[in-house]
Amino acid sequence: MNKRDISFPVHSVQDWEKSAEAALKGKPLHSIHKKTIDGIHINPLYTDRPEIPEYHPARTWKSQSGWKIAQRVNGHHPGEALSRFETELKKGTEVISAEQFEHWTAADAEKALNLLENPHVYLISKETAAGWHESLLSSAKQIEGVFGIDAHSSLTGDKSHENWFKPWAQLDESQPALRTIPLTAVHWHNEGAGIVEELAVVLSQAAEWVETAESFGWDSQKTFSKMHASFSTGSSFFSEIAKIRAFRVLWKHFVSHYGTGQSITIGSETSAFTKSSQDQHVNLLRAGNEAFAAVLAGVDYLYTAPHEQSADLSSQAFRAARNLQLILKEEMFLQHIQDPAGGSYYIEHLTKELAQKAWEQFCDMQQRGAYSALVKNGWLQKKVDEVWHSRNHDVRKRKTTIVGMNRYAEVSKNVTPANNRRTIGQSWDQLIRRVHQEKTRSVSLVTMGELKDYKPRADFVKGVFAAAGVKVDENDHKADVLIACGSNDIYKEHLPNFLSAKNRHQKLFAAGKVQDVYPDLDGSVYEGLDMIDFLERVLFEGKGEEDNA
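Residues numbered from 1 in each chain as written. Predicted model: local features only at pLDDT ≥ 70, side-chain atom pairs only at ≥ 80, totals over all residues. Heavy atoms only, no water.

**Student:** Give a detailed account of the packing of aromatic side chains, specifying residues and quantitative values.
**Tutor:** Across all of its chains, the model carries 29 aromatic pairs by this definition. When the ring of Tyr 122 is compared with that of Tyr 301, the centres are 4.6 Å apart and the planes differ by 20 degrees; the resulting orientation is stacked. Of this pair, Tyr 122 sits in strand β4 (residues 120-125) while Tyr 301 sits in strand β9 (residues 301-303), and the two are 179 residues apart along the sequence. Between the aromatic rings of Phe 465 and Phe 534, the centroid separation amounts to 6.0 Å while the plane-to-plane angle is 75 degrees, which identifies the pairing as edge-to-face. Residue Phe 465 is located in helix α18 (residues 451-467), and its partner Phe 534 is located in helix α20 (residues 531-540); the two are separated by 69 residues in the primary sequence. Taken individually, Phe 465 and Phe 534 each receive the classification buried, so the pair is uniform in this respect. Put simply, the rings of Phe 224, Phe 231, Phe 247, Trp 251, Phe 254, Tyr 258, Trp 359 and Phe 362 pair up and form one aromatic cluster. Positioned over the ring face of Trp 218 is Lys 222, at 5.9 Å from the centre of the ring. (Phe/Tyr/Trp six-rings, centres within 6.5 Å; stacked < 30°, edge-to-face > 60°. Helix = DSSP H or I, 4+ residues; strand = E, 2+ residues; numbered from the N terminus. Buried < 20%, exposed > 50% of the residue type's maximum accessible area, 1.4 Å probe, protein only. Lys NZ or Arg CZ within 6 Å of the ring centre and 35° of its normal.)

**Student:** Tell me about the side chain of Thr 304, and please be specific about residues and values.
**Tutor:** Assignment of secondary structure puts Thr 304 in the loop between β9 and α13 (315-331). For Thr 304, a relative accessible area of 0% gives the class buried. At 2.6 Å, the side chain of Thr 304 forms a polar contact with the backbone oxygen of Ala 321. The residues touching Thr 304, leaving out its near neighbours within four places in the chain, are Gln 71, Thr 270, Ala 291, Ala 321, Arg 322 and Gln 325. (Polar contact = N/O pair within 3.5 Å; in protein donor to acceptor, adjacent residues only side chain to side chain. Contact = heavy atoms within 4.5 Å.)

**Student:** Explain the packing of helix α4 (residues 106-113) against helix α5 (residues 130-138) to me, and be specific about the residues and the numbers.
**Tutor:** Packed helices, taken two at a time, are described by their axes: the angle between them and the distance between them. Between α4 and α5, the shortest axis-to-axis distance is 7 Å and the interhelical angle comes to 60 degrees. Regarding the angle of α4 to α5, the classification is oblique. Two packed elements cross with a definite hand, and for α4 against α5 that hand is right-handed. On α5, the residues touching Ala 106, Ala 109, Glu 110, Ala 112 and Leu 113 of α4 are Gly 131, Trp 132, Glu 134, Ser 135 and Leu 136. When the residues that make up the contact of α4 with α5 are grouped by side-chain class, the tally is six nonpolar, two polar and two charged. (Axes fitted to C-alpha atoms, helices over the stretch in contact; angles between N-to-C directions. Parallel < 35°, antiparallel > 145°, perpendicular 65-115°, else oblique. Left-handed = near helix turned anticlockwise from the far one by under 90°. Nonpolar A, V, L, I, M, F, W, Y, C, P; charged D, E, K, R; others polar.)

Next up, the structure:
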């Protein structure tokens, strides 16, 4: 038989649904549907592409493929940073980018610019960098890239001074190729915002900047030509790809209201919010996942942060961060492709839904006031806080898994200093610090039945306590807290007798959702419980608070 003559039967969606329901062994099909933090329902199967124009802006935005590796350097003083600049530029970084560069002198900045024949900078700050500004004004070279105070800081600062706009006007005259208005969602991403809020915030900043610049004589076309958008890329791989694609759609729609088609450059950095203080090498995997998503989405600049979460970073951490991008660019050849996600039914649906929700959010914000007003009156912070609390709730219940933190955790812990910076694992960090600083009750498992009866639940309980940095004993009947582990059938045989025989000062919990059956228990532990609340009640006799930031 000729292989070319082989045909395969055509199956319908209904056929797939029947097979899926059979594989789920009694669970309904909707049990594998998910809902994102942005309120988007994720289906297990997509069979069509949403109705979008053939020349979709998410696909036709960039005229060239590729991106600039924008690794930031830092140093205790400019001389140390300059030395690191030289090393970074030799080893793959393609632009001049730094942290804490605001207090450099003009001479220091000039030395940095001279490291490249055709200087390309990526310098975004929260305050005026006078030395760099002076150096850029006096430089005979035509400098490309992004330089300026991020829009969150510039718009919420004092704009009443008559010379407030002067730095932007000066740079436009001396360095016309520079983009000097960096819009940014990074601040709100690190506060726990969802993708919809991030996208809406950038559009809101752009709208206020257009109005502000117009009062100083710039038309919208001029202002748009100076804009750059900066995002953080989180850990939700496909949603993050869709985020950047959705932004392109939104931007084209936004600028069309001003009668222009001006494009915008996009930068991204791996998320500080998603990084864990525990099992920090997993942060390297997170950064790789986030960088990969940003590249596939088509950003123009990318910074991958070192995986270590400490003040003094090792040279290995900087090297690994840089090499992530070199692997994506030189070994995976991703610099040669453009919008590889285009045509994916799933990502196209995500792109469209995120764009629609973000536009609705942006319009709502515009009705409430300008970006700076919404920041100052607290409305935007309150909006983001709602999303943050939802995220935190899922992390506490382990509905959201943080590998090495709330699941698959080692008992030994890296105890971090207390700070107000929000991260996805902040609640667990607070618990770990408390366990380290305060006296805890002794805890022991009480295994019931044979190994096969108690091992699944015993392993589950050990994993829960390991996340807090507590190693539980087994069958120490003198411990302050006892946790029974066994099957439901074994509980019927042993648990009532154990309840009556235990010391009255001891607390007895059981693994599994069985407290309704045995009301004399002090509690039970099972999947879906607020684990931080449970651990604090067991270890400290206190109830954990969910509102911690």
